[in-house]
Every structure is written in C-alpha cells, then in structure tokens.
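One letter stands for each residue in the lines below.
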Amino acid sequence: MLDCLSIKNLALIKEEKIEFKEGLNVLLGETGSGKSLIFDAIGFVLGQNNDKSLIRSGADQMKVDAIFSNLSKTTKAVLESYDIDCDELMITRTLTKEGKSSFRINGESVVAAMVKNLAKTLIDSLVQHESMELLKSKNHLNMIDKFGGEPVLEIKNELQNLIAEKREIEKNIKSLGGDPAERERNRDIFSFQLQEIEKADLKPEEEDEIKDRLNILSNAERIYEAVSVADNNLSNSSLSALNQINEVISNLNSLDSIDSIKDCNDRLVSLRYELEDIAETLVDMRRSVNYDEIEYNKLDARLDLIKSLKKKYGGSIEKVLEYANELKNKIDEIENSEELIDKYTKDLSIIDKKLQDVALKLSTLRKKLANEIENKVVKELIDLGMKNTKFKVDFKEKEVASDGMDVVEFTFSANKGQELKNLAKTASGGETSRIMLALKNIFCDIDDIDCLLFDEVDSGISGEIGNMVAKKLVSISKNAQVICITHLPQVAALADNFYLVKKSVVGEETISSAEEISENAAIMEIARLIGGNNITDIAKSHAIEMRSRK
C-alpha cells in the first residue's frame, strides 16, 4: 500500500507530504483546490506522466517520492527480477524544465521501464478516464482463471505438462533429420565422412612419429656427416675414445690389487661398454638416414591428410576418431528412423488429441466462470444505477498453447440497442469508474494490487445510488487501500481517513496544500458537501448522523 507521498514543485503544490493509511482514504476540498494534483503526482512518480508544464512556475524541477509497504508477492517477484530485495519500497522521480527525467528505487538509479513494470503491481488507478489494468483485454483471461481458482490451475498444469511432452517428441523427430528426403541427404553426408575417416586408418600416435621421421629425412646429409665423425672419434681411429680407454684399462689392470685403482678401473670398463653401445647405435643410425625421396613424399602426403581430417572433424586424431563413432551412431539412427518416426508420429497424434480435449475442458470451465462473472457484473452495475447495461465475455478460439485455446475480451453496452464493444474503448469516464468499481468488488479477493485510486467515481450520482457506491468502496477497502476523490457526502461519510485539499494565496503565490483532518473537521466538510459553504445546524446534524452509520 501507499504509505507516504512527498511532492515538490508540482503545479500549485510547492512542497507537501501526505501520509496515507489503510482502508478508505478520501480527498475532500472545493473544485479547483488541487485534489487531482495528488493523483497527478502518483501517476508522475510511477512513470505515467512526462508533462513539463506540471513543473511549478519559477522552479527548475519537480520531484515526487512515494513509499510503499506490505508489498505483494507480485511486486516482490518483479523486484527480485531486478535483484532488489526489500520490505519497503521508495520510488523517486524528478523532471527538469529541460525535460530530463530520472528515476530511483530505494536511492539507486533505474530506468523508467523498471518503474512502469512495478507500477502495474502497486496501484490500479482511474484518473481522468484512463483505463485501468482491470479493463485491458490482455488481462481478462488471467482474471477469469484467477476467479476459477484451483480447478482452473489444475487443468492448466495438465495442459502445460502435455505441451512439454509434445515439444520433447517434436525435438526427437527433428533430431532424426526431419522429412525422409532430408534424412537420406544426411545419411549420404554422414556415410561419406565416415568412409573418408575409416579409409585413412588413423593411429593415435602416428602424427608425432611421422613428424620425427620427416625431420630426420630432411636433415639426412647433416646427420650422416655428424654421425660419421662421431663414429670415427669413438672407435675407428688410433686415437679414438674407445682405443684410449682400452689402453688406460690395460695399464691399470696391473694394479688391480689396490682397491681404489680397481674401483676406477671397473668404472672405466662400464664406461667402455656404454661407449661401445653408443657407437653401435650411431652406426645403425648412419645406415638408416640415407635420404629416400619416395619415403619423404609418402610421409609428407600422409601428414597433409591427417591435418585435413583434423581441420574438418576435430583438433586431434583422437577427436577425429570420436567423431567417426558419432557418425556410426547417427547413421544407425537414420537407418532405424522410419520405425522411430512412425512411433513418434503416433505419440504426437495422441498428445494432440489429449491437448485438444484438455483445452476444450478448460474452455468449457472458463465459459461457465465467464457466465458467472457476467451475471455478477450486471448485478453490480444495476446496483450502481446502470439498469440497461449489458456485459459479456467474448470468446474467440486460437491454436492450443500452454494457456489453452481461448482469447477473451470483456465487452460492454450501456444502453438498450447499443452493440457490445471493447470495454475499455466503449465506456465513458463515469461508466468506466462504475464498471471498475463493480469488477473490483467481484475480483477484490483474488486481485493482488493493494492500492486503488478513484477519481470522481461518484460523478453524476446521488441518492440511493450514491449510498451503493459508498458501500462498494467500503467493501473494496477491506481488501485493499482505497484513495478516492469525492464530492458525494455518502462516500465521504463512510471513509476511514480524511484529507482536506485547499488552495490559498501566500504573498504573491497561489499554493495548494493537503492535510489529514480530524473527525470533527471531517464532519464539517461532509456538512459542506450536503448544504454548501453555508453550513447549517441541520446539515451538520445530518453529517453526524451519516457518519454514525459507519
């Protein structure tokens, strides 16, 4: 609900703070005193008005703060989507003479769209013939469903589960390649790719082995020369390393009885064996490094093939082989697809039949609920003096979706012989106010908007109809906060809280102000509504009597 409204430099309001309360809040005051400016301020802070002409003369900008508490689940859900977690909400908006507008939520700068989305969950208003959320066609189906409660919810859940099943089946069919021609094309493509990979007969480690062999062949001449020199230095000359070591070993053998010399000699023997092995390895390498152009070209072509397959089917030989296994599975699926698709198609047909049946069941229930709503609305409007009213929920059919097969719209006719038309576009301001009042009485238990604004809902009403309007506003105020501008004593008399709006001249300025007034002051204002500015004892007595009926 709206706890506090702070207004600065909005039209005739210089600076004002109004603290609203639960129940029925009534704004009183003479015509032209500025009561509608309060609603203008609420609309402004919630993003509904961007009119620079509202900025008070002489001021650079106007600013409005609105504080809301007891936030509904719907409001909290919207806030949560914006990563805002709070129990009390303050929305601030400023507008400069240059047309620059800014919004804040709890002190943090936000975009206008965020505030406008929140506004739909915070306040429902009818100000100067603006259509309320209740009257908008896009909300009518949801209103009927809420009115139906758990039975509707159960059928909708069943419908949504079937929709999920259908999507899964359609996904499975799509995964099999769509129509027969497309599946055949895919099989040809997959078979070609698999054949290309299998023909290559890839081995996981061969790429590195090929690169090493190509490196050797590319450097065959240098390797041969280097190995030949090494072999000569190791074993094939009188001064070779092995000859030198053998001579040292032979000389030390005569001193074998000395442990330390024997140990060194043993180590030299081990070294000789190691050098002999190295020499043999180098000789074998020299024999194998003869440059073979045919071998080189063959290995080079093989490496190009591996690189090509990696580029097309994966970043490594392992990935290419994995892709080959995937291709085998896809080909198997396609070859078995006719049987699977037949099964899925039959399943799809069964699901479609169930969807149609459940959607029809939901539509039948909705039409029954709509008939109940129609009767209730007509009765409410008759109570409000609209005796020739027709109210009808118009149903149109659409393709079955998660919300069913229905497109609904509330239609209305105020007079005999008048065609039923869209509710929000057909009703006049006064009619719209009463229709909204009727709808709110019917939907107040299920609607989660906690604050309603009524401007001149009593326009053109008097007598017993005025009493009915007052009673219905009281009824609504038991479930939601109501803020109402009224000129009808019957409405004012049943209010919980009173606010007097008045216009006065201070120095060279004209200022509108608003203040909460006491019970005694409220009785005097009710008496003024009854008898005019000349308040008589009879008018005052009548006001006291009307107030006592609350």
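Each remark here, short or long, concerns the structure printed above.
Residues numbered from 1 in each chain as written. Predicted model: local features only at pLDDT ≥ 70, side-chain atom pairs only at ≥ 80, totals over all residues. Heavy atoms only, no water.

What follows concerns a negative patch on the surface. Among the surface-exposed residues, Glu 205, Asp 208, Glu 209, Asp 212, Glu 318, Glu 322 and Glu 326 lie close enough to one another that they form a single negatively charged patch. Looking at the negative patch, the elements with two or more residues in it are helix H7 (206–218) and helix H12 (317–335). With respect to the element layout, Asp 212 can be found in helix H7. (Patch = residues over 30% accessible without salt bridge, like charges linked within 9 Å, V, L, I, M, F, W, Y side chains within 5 Å. Areas by Shrake-Rupley, 256 points an atom, 1.4 Å probe, with all protein chains shown as cover. Salt bridge = Lys/Arg side-chain N within 4 Å of Asp/Glu carboxyl O. Lys, Arg positive; Asp, Glu negative; His and termini not counted. Charge placed at Lys NZ, Arg CZ, Asp CG, Glu CD. Helix = DSSP H or I, 4+ residues; strand = E, 2+ residues; numbered from the N terminus.)

Before going further, it helps to spend a moment on the pattern of salt bridges. Counting across every chain of the model gives 28 salt bridges. Glu 509 is paired through a salt bridge with Lys 14; the nearest N and O atoms lie 3.2 Å apart. Residue Glu 509 is found in strand E15 (residues 509–516), and its partner Lys 14 is found in strand E2 (residues 13–19); the two are separated by 495 residues along the sequence. Since its relative accessible area comes to 30%, Glu 509 is described here as partly exposed. A residue is classified by how much of its surface remains accessible, and Lys 14, at 38% relative accessible area, is partly exposed. (Buried < 20%, exposed > 50% of the residue type's maximum accessible area, 1.4 Å probe, protein only.)

To continue, consider the sheet that holds strand E10 (residues 404–413). Taken in spatial order, the three strands line up as E9-E10-E11 in an open sheet, and their pairing is antiparallel. Of all strands in the sheet, those with a lone pairing partner are strand E9 (390–401) and strand E11 (421–422), marking the two edges. Bridge count for E10 against E11 is two bridges, and the pairing is antiparallel. Note on E11: the bridge partner recorded for Phe 412 is Lys 421. Helix H13 (residues 337–383) contacts E9 and E10 of the sheet and is inclined by roughly 165° relative to E9. (Pairing = 2+ DSSP bridges. Contact = heavy atoms within 4.5 Å. Axes fitted to C-alpha atoms, helices over the stretch in contact; angles between N-to-C directions.)

Right, let's talk about unusual backbone geometry for a bit. The phi angle at Asn 9 is positive, at roughly 60°, despite the residue not being glycine. Relative to the assigned elements, Asn 9 resides in strand E1 (residues 2–10). Notably, Ala 11 is not glycine yet its phi reads approximately 55°, a positive angle. With respect to the helices and strands, the residue Ala 11 is situated in the loop between E1 and E2.

The subject of this paragraph is the side chain of Asn 497. Considering the arrangement of structural elements, one finds Asn 497 in strand E14 (residues 497–506). Separated by 3.0 Å, the side chain of Asn 497 and the backbone oxygen of Glu 22 make a polar contact. Polar side-chain contacts of Asn 497 include one of 3.0 Å to the side chain of Asn 25. When residues no more than four places from it in sequence are discounted, the contact partners of Asn 497 are Lys 21, Glu 22, Leu 24, Asn 25, Val 26 and Glu 516. (Polar contact = N/O pair within 3.5 Å; in protein donor to acceptor, adjacent residues only side chain to side chain.)

Here we take up the packing of helix H18 (residues 519–531) against helix H19 (residues 537–548). With their axes 8 Å apart at the nearest point, H18 and H19 run at an angle of 115° to one another. H19 is crossed by H18, and the crossing has right-handed handedness. Here Glu 519, Ile 523, Met 524, Ile 526, Ala 527 and Ile 530 of H18 lie close against H19, whose contacting residues are Ala 539, Lys 540, His 542, Ala 543, Ile 544, Met 546 and Arg 547. Class assignment of the residues belonging to the contact of H18 with H19 gives a composition of nine nonpolar, one polar and three charged. (Left-handed = near helix turned anticlockwise from the far one by under 90°. Nonpolar A, V, L, I, M, F, W, Y, C, P; charged D, E, K, R; others polar.)

As a further point, take the pairing of strand E6 (residues 101–105). Bridge count between strand E5 (residues 89–96) and E6: five bridges; the pairing is antiparallel. Counterpart to Arg 93 in the pairing with E6 is Phe 103. The hairpin formed by E5 and E6 contains four residues between the paired strands, and Gly 99 there has a positive phi angle of roughly 90°. In the sheet, E6 pairs with strand E7 (residues 108–110) via three bridges, with the strands oriented antiparallel. Bridge assignment links Arg 104 to a residue of E7, and that residue is Ser 109.

We now examine the sheet that holds E7. Working definition: the strands of a sheet are paired by backbone hydrogen bonds and lie parallel or antiparallel to each other. Here we have six strands laid out as an open sheet, ordered E2-E1-E4-E5-E6-E7, and antiparallel in their pairing. Across the chains shown, the open sheet's two edge strands, defined by having one partner strand only, are E2 and E7. Each neighbouring strand pair of the sheet contributes to a mean axis angle of 15°, computed without reference to strand direction. Pairing analysis gives six bridges linking E1 to E2, with the strands arranged antiparallel.

Okay, the side chain of Glu 206 next. Take Glu 206: it is sitting in helix H7. There is a polar contact of 2.9 Å between the side chain of Glu 206 and the backbone nitrogen of Lys 203. Glu 206 has contacts with Asp 201, Arg 302, Ile 306 and Ile 317, leaving out every residue within four places of it along the chain.

Let's shift gears to the packing of aromatic side chains. According to the stated counting rule, one finds three aromatic pairs in the structure shown. One residue, Lys 367, lies across the ring of Phe 395, its end atom 5.6 Å from the ring centre. (Phe/Tyr/Trp six-rings, centres within 6.5 Å; stacked < 30°, edge-to-face > 60°. Lys NZ or Arg CZ within 6 Å of the ring centre and 35° of its normal.)

With that out of the way, let us pick up empty space enclosed by the protein. Left-over empty space is what a probe sized like a water molecule reveals as it rolls over the atoms. Under the criterion given, the structure shown has two cavities of 30 Å³ or more. Space inside the largest cavity adds up to approximately 50 Å³. Taken together, Met 1, Phe 68, Ser 69, Asn 70, Leu 71, Ser 72, Thr 75, Thr 121, Leu 122 and Asp 450 make up the full set of residues lining the largest cavity. (1 Å grid on protein atoms, 1.4 Å probe; cavity = no way out; pocket = protein on both sides within 12 Å on 5 of 7 lines; lining within 4 Å. Points joined across faces, edges and corners; volume = space filled by probe spheres on them.)

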